[in-house]
Amino acid sequence: MKFRPPYRFMRSAVADREGNARISSRKIYILPTGHGLTYGVLLILLLLGAVNYANNLGFMLTFLLTGLGLVCMVHTWRNLLGLELTAAAVEPVFAGQPACFRIALQNHRAGPRPGIRIDLEGSRPDITDLDGASTGSLSACVPTERRGECTLPIVRLSTRYPLGLLRAWCYVRLDASCLVYPAPGPRIPPSDVPDYTRSAQGDKGVGADDFVGLRQYRAGDSPKHVSWKALAREQDLQTKMFGGDRSERRWLDLELLSGDLEARLSRLCRGVLDACEQNLEFGLRLKDRVIEPGRGQNQRQRCLEALARFR
Amino acid sequence: MIPDPKRKLSQRELLFLIALLCLSVGPHVLHLQPWISAFFIGMVTLRLLGLSRPALLPGRFLLFLLTIAGLANALAHYPLMFGREAGVALLTSMLALKLLEMKRERDIYVVVYLSLFTLITQFLYRQEMLLVVYVFLVVTGLIAMLMHTNMMRSPSRPTGLLVRSGGLLLQALPLMLIMFFLFPRFSSPLWDLGIRDNRAVTGISDNISPGSVSRLSRSRAVAFRVDFDQDRIPEPARRYWRGPVLWDTDGRQWTAGDQIPERASDFFASGKPVDYSVILEPTGGKWLFALDLPHQVPTEASLEADFQLIHRGPQKRRFQYRTSSYLNYNTGALSEFQRFRGLQLPDNITPRMISLVAQWRGGSDSALVDQALAYFNEQPFHYTLYPALLGDNPADQFLFDSRQGFCEHYATSFTLLMRIAGIPARVVAGYQGGEVNPISGHLVVRQSDAHAWSEVWLPDLGWVRIDPTAAVAPERIEQPLDLDRISEEIGAPIDFVPVDISFVGALMEQFNWSMDALDASWHRWVLGYSKKRQSKLMDLLGLGFLKGSQLVYAMVGITAVAVTLMTLALIYRGRPKPNPVQAQYQRFSNRLKKLGLQRRSYEGPRDYGRRILHRRPDLRGQVEPILRLYIGIRYGRMNNLANLRRLKQMVGGFRP
């Protein structure tokens with residue numbers, strides 16, 4: 001899309017409260033394509049020939065093709081009419097990665113709708129054929145640059161079916177957004193993270209990671225932790241003990257880094273990823289917002305979200 | 001595939017494109033110069049070989065050379081590049097080259113458009129119904145090709161696509177009819193490209209020699225069709241279709257000679273005139289045929305002093321005209337010039353001819369005519385379609401020696417005898433009779449109805465038609481020749497006795513008449529649809545006030561209305577149809593709408609029922625069985641026709 005239409009003034013299909021945007025008749029634009037204009041020139045030539053030779057069969061063919069053009073207009077328009085779009089939820093991405101929205105298309109009509117295409121500024125178009133009374137999906141990828149909330153911009157849904165002589169399109173505003181984490185920056189040198197805090201007590205065998213040993217089963221122990229192997233060996237019912245709480249605890253603190261805010265956030269992001277990968281227990285301090293140390297995917301997500309939304 | 005104009009075409013697509021292109025050009029190959037056709041066929045062969053061995057396809061330089069060769073070929077055979085043939089030759093050569101060059105998706109459009117253009121040129125050569133069907137089928141294929149490029153995944157079999165594209169074309173058909181009948185027709189071409197049509201056509205010509213009419217009569221081809229107003233068809237004996245009037249003879253051949261430099265005189269007529277319109281097949285002659293005697297002159301024709309209707313130029317296409325005739329007439333006095341021409345005698349009049357005429361002298365002119373007719377009737381004259389060849393003096397030989405001949409023998413020798421007797425006479429050529437098509441009610445006149453007769457001028461009566469053939473074979477005037485039953489031996493008599501036709505024969509005849517009726521309406525409504533017919537049709541539709549550009553506005557308006565109606569129909573047809581069970585459930589919910597108890601989109605039937613009964617406990621007796629049955633059909637094992645009918649009944653009777 002080289003030409004950027006003034007969307008503000010264009011009619012567009014807007015998603016309702018349930019997130020479905022239905023394409024109604026007055027939202028559809030239609031214009032001939034280049035091939036369509038050539039077709040028009042062809043029709044004029046045919047008509048001139050038929051008139052000049054006063055050839056009635058020539059008139060017939062010319063008008064058959066003219067009629068065909070008109071029928072195509074109806075079909076192209078109808079190919080979009082009544083289509084229902086819903087944007088599906090999207091996994092967060094890091095800044096710089098494209099945010100790919102899946103857009104579900106619902107064809108309520110019994111007949112098929114071939115050649116439905118979606119265009120989004122700056123991304124590859126996607127195209128699909130919908131069978132009668134079925135659902136399909138298209139993907140629209142938005143390039144991301146900055147962290148934060150990335151909303152799906154206005155998309156253009158278009159079709160050239162059946163003959164490519166005309167293109168019908170409509171603008172659709174879908175209510176969808178994708179969280180963009182900061183792009184992971186360079187690694188934080190250890191010197192910049194002085195606040196390494198070791199667990200004072202050491203391993204008490206109440207962690208969750210490393211197998212430490214067995215002890216007698218007590219009522220209330222999780223059956224997951226029962227050593228079934230030991231039971232099979234006809235020993236008593238025993239419970240497995242895990243350690244790991246001895247490992248390092250890391251605080252990632254915005255204040256301790258220097259430089260541009262975005263660069264600092266990027267480095268914190270890297271810190272979160274690394275800490276999660278190394279299975280450290282880590283916490284995040286962003287000025288007022290403090291995320292208590294924790295570990296695992298949930299902690300990672302919580303921290304990254306905080307980084308993405310930080311102002 | 002995402003449409004990409006640069007995408008390479010697959011083998012299959014190429015094969016279909018080649019086939020469609022060949023089908024579009026196909027019929028041209030038969031009548032173009034052999035070298036142009038050969039070039040085309042050569043390029044197609046090369047292209048087909050190139051499908052399996054792409055190395056054979058010419059590179060850019062070779063293609064350039066081939067283009068030069070193709071152009072040179074077209075130029076060599078049509079040096080001036082002027083007119084229809086040259087245009088088609090050039091188009092064919094270009095298409096042949098396009099074949100070699102097409103590789104990518106965008107070429108599909110080029111090929112399809114060029115093919116469509118080629119298809120319309122087919123109609124410049126032939127206009128049969130069969131060709132129209134052929135063109136329609138090829139167009140279906142071409143449109144299917146366009147459809148294919150605009151779908152992500154095309155149906156695996158081409159038939160699916162063809163059905164769809166055929167469907168599109170069928171939807172375009174009503175629009176075509178509207179535009180076809182409403183688009184204003186012009187009476188003259190926008191510009192003249194010097195089109196010349198050189199097809200050989202048969203028909204009555206301006207000269208008659210012994211054997212010429214009988215040769216023509218051996219053809220079953222249709223000469224013209226006549227549509228009489230109010231179906232007032234004259235009886236067979238009065239169906240004399242007047243063509244050229246022949247005045248001059250050299251003793252062997254009769255010719256029309258120069259036109260008489262007189263204006264057509266008014267004649268006295270009685271009775272009601274017969275109005276009719278004629279669809280004339282191409283004849284190559286300039287005569288328009290009309291019943292004796294025409295008084296109304298069709299446009300672009302003139303009525304001569306001897307009552308021939310002469311058209312501006314030769315008839316090389318089907319042509320339709322209207323005229324009107326009086327069957328009872330008296331042409332009145334004779335001009336000196338006509339008397340002089342009507343009495344000219346050739347050099348080869350023999351004494352026995354003179355003495356024959358001398359025997360009949362004594363009474364009035366009309367008595368003499370009767371005696372001459374009686375002579376033909378009483379002497380052993382035979383009527384045959386295959387007369388023996390005659391020598392230098394055919395009239396003498398026929399009258400006294402061979403005595404077997406077809407109508408032209410009788411007409412010419414009778415005319416000569418009259419001139420010897422001093423009665424002005426002339427030969428008229430044309431057609432006699434015609435068969436009524438029982439299906440459409442129009443009269444079909446065939447070449448086998450070709451006929452020649454005499455006209456003599458009698459005081460008080462004017463020019464009177466005398467048909468000496470009728471004196472020999474009166475049946476000829478009442479019924480057409482049955483060519484299937486005439487033996488081809490020389491001198492074989494023509495047998496007019498009708499025979500019983502078998503059932504299959506009758507069926508065949510019925511079929512033939514249907515085809516004839518179809519052909520006539522094909523001409524009437526399609527090929528011969530002209531400015532005149534258009535204004536008549538508009539009058540008939542009550543749109544007679546539309547003239548010229550107003551017709552265009554009407555065409556656009558009516559087409560727009562038709563498109564709108566079609567759109568509504570398509571939307572109606574495409575509306576989502578709930579299954580019958582859900583439809584009943586919806587009906588049930590609609591009944592409760594008035595009570596403000598419409599089903600919510602997220603509500604299941606049980607919750608819905610609970611809500612209804614909470615508000616209206618009195619409905620329990622009706623609501624519960626309905627919902628129970630609905631749940632049973634929809635989610636349980638009660639889905640059968642009987643239950644559905646019961647549900648329908650229950651919902652129908654539910655009126656809260």
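Going along each chain's sequence as written, the residues are numbered from 1 onward. Ligands are numbered from 1 and chains lettered from A, in the order in which they are written. Note on the predicted model: pLDDT of at least 70 is required for a residue's local features to be given, and 80 or more for side-chain atom pairs to be given and counted; whole-chain, interface and lining totals, by contrast, use all residues.

Student: Even after reading the chapter, I still don't get the overall build of chain B, so can you show me in this structure?
Tutor: Across its full length, chain B holds 22 helices and 20 strands. The buried share of chain B, taken over its 656 residues, is 32%. Two residues qualify as a contact pair if the distance between their C-beta atoms, derived from the backbone, is within 7 Å. When contacts within chain B are restricted to residue pairs at least 6 apart in sequence, long-range pairs at least 24 apart make up 73% of them. Note on conventions: DSSP H or I runs of at least 4 residues are helices, E runs of at least 2 residues are strands, and numbering of each starts at the N terminus. Residues are called buried when their C-beta atom has 20 or more other C-beta atoms within 10 Å, exposed when it has 12 or fewer, and partly exposed otherwise; all C-beta atoms are positioned from the backbone.

Student: Help me understand the overall build of chain A, please; the structure alone is not making it clear to me.
Tutor: Helix and strand counts for chain A stand at five helices and 19 strands. In chain A, which comprises 311 residues, the share counted as buried stands at 33%. Here the analysis covers contacts within chain A between residues at least 6 apart in sequence; of these, 67% occur between residues at least 24 apart.

Student: I'm lost on the pairing of strand β18 (residues 281-286) of chain A in this one. Help?
Tutor: Each regular strand carries side chains that alternate between the two faces of the sheet. Residue and element names in this part refer to chain A. With five of its six residues buried, β18 lies for the most part within the structure. The sheet contact formed by strand β17 (residues 249-253) and β18 spans five bridges and is parallel. Within β18, the residue paired with W251 across the bridge is G283. Taking the sense of rotation as the criterion, the β-α-β connection linking β17, helix α4 (residues 261-277) and β18 turns out right-handed. Two strands pair under a simple rule: DSSP has to find at least two bridges between them. Note on handedness: a crossover is taken as right-handed if, strands pointing away from the viewer, the path from the first strand over the helix to the second is clockwise.

Student: Which parts of the structure should I look at to understand the sheet that holds strand β5 (residues 93-94) of chain A?
Tutor: The strands making up a sheet associate through hydrogen bonds between their backbones, and the pairing can be parallel or antiparallel. Residue and element names in this part refer to chain A. Spatially, the three strands line up as an open sheet ordered β5-β13-β10, and their pairing is mixed. Whereas interior strands pair on both sides, the edge strands pair on one side only; in this sheet they are β5 and β10 (148-151). Summarising the sheet, β5 and strand β13 (residues 177-181) pair through two bridges and their orientation is parallel. The partner of F94 across the bridge, within β13, is Y181. In the packing of helix α5 (residues 297-309) onto the sheet, contacts are made with β10 and β13, and the angle to β13 comes to roughly 95°. Interaxial angle, 0 to 180 degrees, is taken between N-to-C directions of lines fitted to C-alpha atoms, where a helix line uses only the stretch in contact.

Student: Explain the packing of helix α5 (residues 105-122) of chain B against helix α6 (residues 129-149) of chain B here, please?
Tutor: A packed helix pair is summarised by two numbers, namely the angle formed by the two axes and the spacing between the axes. Residues and elements named next belong to chain B. Between α5 and α6, whose axes approach to 10 Å, the crossing angle comes to 170°. For the element pair α5 / α6, the angle class is roughly antiparallel. As for the relative orientation of α5 and α6, their crossing is left-handed in sense. In this structure, α5 contributes E105, I108, V112, S115, L116, L119 and Q122 to the contact, and α6 contributes L131, V135, V138, V139, L142, M145, L146 and T149. Tallied by class, residues from the contact of α5 with α6 come to eleven nonpolar, three polar and one charged. Working rule for angles: under 35 degrees goes down as roughly parallel, over 145 as roughly antiparallel, 65 to 115 as roughly perpendicular, anything else as oblique. What makes a crossing left-handed is the near helix being turned counterclockwise from the far one by less than a right angle; a clockwise turn instead makes it right-handed. Residues were grouped as follows: Ala, Val, Leu, Ile, Met, Phe, Trp, Tyr, Cys and Pro as nonpolar; Asp, Glu, Lys and Arg as charged; and all remaining residues, including Gly, as polar.

Student: Explanation requested: unusual backbone geometry in the structure shown.
Tutor: For the bond running from Y161(A) to P162(A), omega is 0°, close enough to zero to count as cis. Residue position: P162(A) is located in the loop between β11 (155-159) and β12 (166-173). Between D292(B) and L293(B) the backbone carries a cis peptide bond, its omega angle lying at -15°. Relative to the assigned elements, L293(B) resides in the loop between β9 (290-291) and β10 (301-303).

Student: Looking at this model, I keep getting lost on the sheet that holds strand β9 (residues 135-143) of chain A. Mind explaining?
Tutor: Residue and element names in this part refer to chain A. The antiparallel open sheet is built from four strands, whose spatial order is β2-β4-β6-β9. The sheet is open, and its two edges are formed by β2 (20-22) and β9, each paired on a single side. Geometrically, the sheet is characterised by an average inter-axis angle of 25° between neighbouring strands, direction not taken into account. Bridge count for β2 against strand β4 (residues 84-87) is three bridges, and the pairing is antiparallel. Bridging from a neighbouring strand, A21 pairs with L85 of β4.

Student: Looking at this model, I keep getting lost on the interface of chain A and chain B. Mind explaining?
Tutor: How large an interface is tends to be reported as the accessible area lost when its parts come together. With 41 residues of chain A at the contact, the number on the chain B side is 45 residues. Residue composition of the side of chain A that touches chain B, grouped by class: 23 nonpolar, 14 polar and four charged.

Student: Any chance you could explain helix α21 (residues 620-635) of chain B here in plain terms?
Tutor: One full turn of an α-helix is made of 3.6 residues, so residues set three or four places apart face in the same direction. Residues and elements named next belong to chain B. Multiplying one less than the number of residues by 1.5 Å gives the expected span of a helix. Its 16 residues give α21 an end-to-end C-alpha distance of 21 Å, which sits within 8% of 22 Å, the value for a rise of 1.5 Å per residue. Looking at α21, one finds that the buried residues are V623, I626, L629, Y630 and I633. Taken down its axis, α21 places every buried residue within 140° of arc, on the same side. The outward face of α21, more than 90 degrees from its buried face, is lined by the exposed residues R620, G621 and Y635. Those residues of α21 that are buried are in contact with α19 (580-591), α20 (605-615) and α22 (641-653). Starting at the helix axis, one direction is taken to each C-beta atom, and the arc is that of these directions.

Student: Looking at this structure, how should I read helix α1 (residues 34-52) of chain A?
Tutor: All names here are of chain A. Across its 19 residues, α1 extends 27 Å between first and last C-alpha, which sits within 8% of the 27 Å expected from 1.5 Å per residue. Turning to α1, its buried residues are H35, Y39, L46, G49 and A50. Down the axis, α1 shows its buried residues gathered within 95° of arc, on one side only. The exposed set on the far side of α1, more than 90 degrees from its buried face, consists of L37, V41 and I44.

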